[in-house]
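Structure at a glance
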Amino acid sequence: MVKIATWNVNSIKVRIRNVLEWLREAKPDIVMLQEIKCTVAELPCLEIEDLGYNIAAVGQKSYNGVALLSRLPMTVEREALPGGSDDEQARYVEALIEVPATNGKRARVLRAASLYLPNGNPVDSLKYDYKLVWMDRLRQHARDLLELEEPLILGGDYNVIPTEDDVYDPVAWVDDALFRPEVRRRYRALIYLGYVDAFRALNQEPHQYTFWDYQAGAWQRDFGLRIDHLLLSPQAADRLVASGIDRGPRGRDRPSDHTPVWCELDL
DNA sequence: ATGCCATGCTCCGCATGA
């Protein structure tokens, strides 16, 4: 069984204690991190490696930054989404992970990506245009990856509220870049290529969130959003056995505003 | 109606986030 999780940590340097604690208790095999907010050189690698993880990261000073942690052997395939310019923001890293043979099952290769989709607010700015273009690029790449017909998981902070069931107050969010029709349409187009939302495949109850704003007591009032997703190729979805949202880390001291989403694959 | 909170920078207020 391979346990895979995604978590926007909102600064790995500030959050390293929380991250280490959660790695020890949740014991994921593969973790996608977003908003590490530092360069690769600044990453607290030793403490993470001490828990048995290999690290692949794409960082930048101050903002963004993504990483993959894996207890299994991992080789980096891409450090950016195809189709971008030279002044790339650090929002994508993709790797091949070797899943060894176990009791009757043959060894497999799992492709995994950690992505941090642009927020896009405010909607009348270039940031919104950048988000829409980034989503188009993601769909193109996701389509190409499906042609490989391999187990694949695209995990991360998508900054997309897929449906009205994924936000505490849909009306209040209609004009936000996380919920606008153009954004939801692009997210659906991505899903319709043939991806499965690992959480929704096994959990249908509405109002299950992965993010709660730091402000206005959003956590205490459960005013949240479901914007962190694990998307599976058919070859991975066929082997999905469990998934969930781990609310634990959001309730602790100095938390990230996001909490981990996880799934288990019987590869 | 607005800001609330948190992070990083280089600063002691501003940009960014969702």
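Overview of the structure. (Residues numbered from 1 in each chain as written. Chains lettered and ligands numbered in written order. Predicted model: local features only at pLDDT ≥ 70, side-chain atom pairs only at ≥ 80, totals over all residues.)

1. Topic: the overall build of chain A
Let me state the cut-off plainly: Helix and strand definitions follow DSSP, with helices as H or I runs of at least four residues and strands as E runs of at least two, each counted in order from the N terminus. Field definition: a residue is buried when 20 or more other C-beta atoms are found within 10 Å of its C-beta, exposed when 12 or fewer are, and partly exposed for counts in between, with C-beta atoms placed from the backbone. Residues are scored as being in contact if the C-beta atoms we place from backbone atoms lie within 7 Å.
Scanning chain A from terminus to terminus reveals eight helices and 14 strands. Taking all 267 residues of chain A together, the buried fraction comes to 44%. Pairs at least 24 apart in sequence give 69% of the contacts found in chain A among residues at least 6 apart.

2. Regarding the environment of Leu 178
Topologically, Leu 178 is positioned in the loop between α4 (170-173) and α5 (181-192). Residues Leu 178 and Asn 119 lie 59 residues apart in sequence; the distance between their C-alpha atoms is 6.8 Å. Not counting residues within four places of it along the chain, the set of residues in contact with Leu 178 comprises Asn 159, Val 160, Ile 161, Trp 173, Val 183, Leu 225 and Ile 227.

3. Here we look at the nonpolar core
The nonpolar side chains of a soluble globular protein tend to be buried with one another. Heads up, the condition is: Joined through C-beta atoms within 7 Å, a set of buried Ala, Val, Leu, Ile, Met, Phe, Trp, Tyr and Cys residues constitutes a nonpolar core.
Among the nonpolar cores identified, the biggest contains 75 residues, and Ile 4, Leu 33, Val 66, Leu 68, Val 93 and Ile 153 are the most heavily contacted of them. When sequence neighbours within four positions are dropped, the list of residues in contact with Leu 33 reads Trp 7, Val 9, Ile 12, Val 66, Ala 67, Leu 69 and Ser 114.

4. Some words on the environment of Ile 12
Residue position: Ile 12 is located in helix α1 (residues 12-26). A sequence separation of 229 residues divides Ile 12 from Val 241, and the C-alpha atoms of the two residues are 30 Å apart. Not counting residues up to four positions away in its chain, the partners in contact with Ile 12 are Val 19, Leu 33, Ile 36, Lys 37, Cys 38, Leu 43 and Pro 44.

5. A short note on the sheet that holds strand β13 (residues 240-245)
Put simply, the test is: Only strands that DSSP links by at least two bridges are regarded as paired with each other. Interaxial angle, 0 to 180 degrees, is taken between N-to-C directions of lines fitted to C-alpha atoms, where a helix line uses only the stretch in contact.
Strand order across the open sheet formed by six strands is β3-β4-β2-β1-β14-β13, with mixed pairing between neighbours. This sheet does not close on itself; its edge strands, each paired only once, are β3 (54-58) and β13. Averaged over all neighbouring strand pairs, the angle between strand axes comes to 15°, with direction disregarded. Relative to strand β2 (residues 30-34), strand β1 (residues 2-8) runs parallel, the two sharing five bridges. Bridge pairing in β2 places Thr 6 opposite Met 32.

6. A few points about the packing of helix α3 (residues 126-146) against α5
Packed helix pairs are characterised by how far apart their axes lie and by the angle those axes make with each other. Keep this limit in mind: In what follows, roughly perpendicular refers to angles from 65 to 115 degrees, roughly parallel to angles under 35, roughly antiparallel to angles over 145, and oblique to any angle outside these ranges. Any residue that is not Ala, Val, Leu, Ile, Met, Phe, Trp, Tyr, Cys, Pro, Asp, Glu, Lys or Arg is counted as polar, Gly included; the first ten are nonpolar and the last four charged.
Contact geometry of α3 with α5 gives a least axis separation of 10 Å together with a crossing angle of 5°. Here α3 lies roughly parallel to α5, going by the angle between them. Residues Lys 131, Leu 132, Met 135, Asp 136, Leu 138, Arg 139 and Ala 142 of α3 form the contact with α5, whose participating residues are Glu 182, Val 183, Arg 186, Ala 189 and Leu 190. Here the contact of α3 with α5 is built from residues that sort into seven nonpolar, no polar and five charged.

7. Observations concerning the sheet that holds strand β5 (residues 74-78)
Ordered in space as β5-β6-β7-β8-β12-β9, the six strands form an open sheet in which the pairing is mixed. A single partner strand is all that each edge strand has here, and the edge strands are β5 and β9 (196-197). In this sheet, strand β8 (residues 152-157) lies alongside strand β7 (residues 108-116) in parallel orientation, the contact comprising six bridges. Residue pairing across strands places Ala 113 opposite Leu 154, the latter belonging to β8.

8. Thoughts on unusual backbone geometry
Look at the link from Asn 121 to Pro 122: it is a cis peptide, with omega at -5°. Here Pro 122 is to be found in the loop between β7 and α3. A positive phi angle, near 75°, is found at Ser 62, a position not held by glycine. For Ser 62, the position within the fold is in the loop between β3 and β4 (66-70). We classify Ser 62 as exposed; it has 10 C-beta atoms within 10 Å. In the Ramachandran plot, Arg 254 falls in the positive-phi region, its phi being about 40° despite a non-glycine side chain. With respect to the helices and strands, the residue Arg 254 is situated in the loop between β13 and β14 (261-265).

9. Notes on α5
To be explicit about the condition: Helices are assigned an expected span. That span is 1.5 Å times one less than the residue count.
A rise of 1.5 Å per residue sets the reference length of α5, with its 12 residues, at 16 Å; its end C-alpha atoms lie 16 Å apart and thus fit the reference within 8%. Buried residues belonging to α5 abut α3. A positive backbone phi angle near 130° is found at Gly 194, which sits one or two residues after α5.

10. Details of α1
The condition that has to hold: The reported bend at a residue is simply the angle between two axes, fitted to the 7 residues ending at it and to the 7 residues beginning with it.
For α1, built from 15 residues, the straight-helix expectation of 21 Å at 1.5 Å per residue is missed by more than 12%, its first-to-last C-alpha distance being only 18 Å. At Asn 18, α1 shows its maximal kink, close to 35°. Taken together, the buried positions of α1 are occupied by Ile 12, Arg 15, Asn 18, Val 19, Trp 22 and Leu 23. Where α1 is buried, its residues contact β2. Lys 27, located one to two residues past α1, shows a positive phi value of around 50°.

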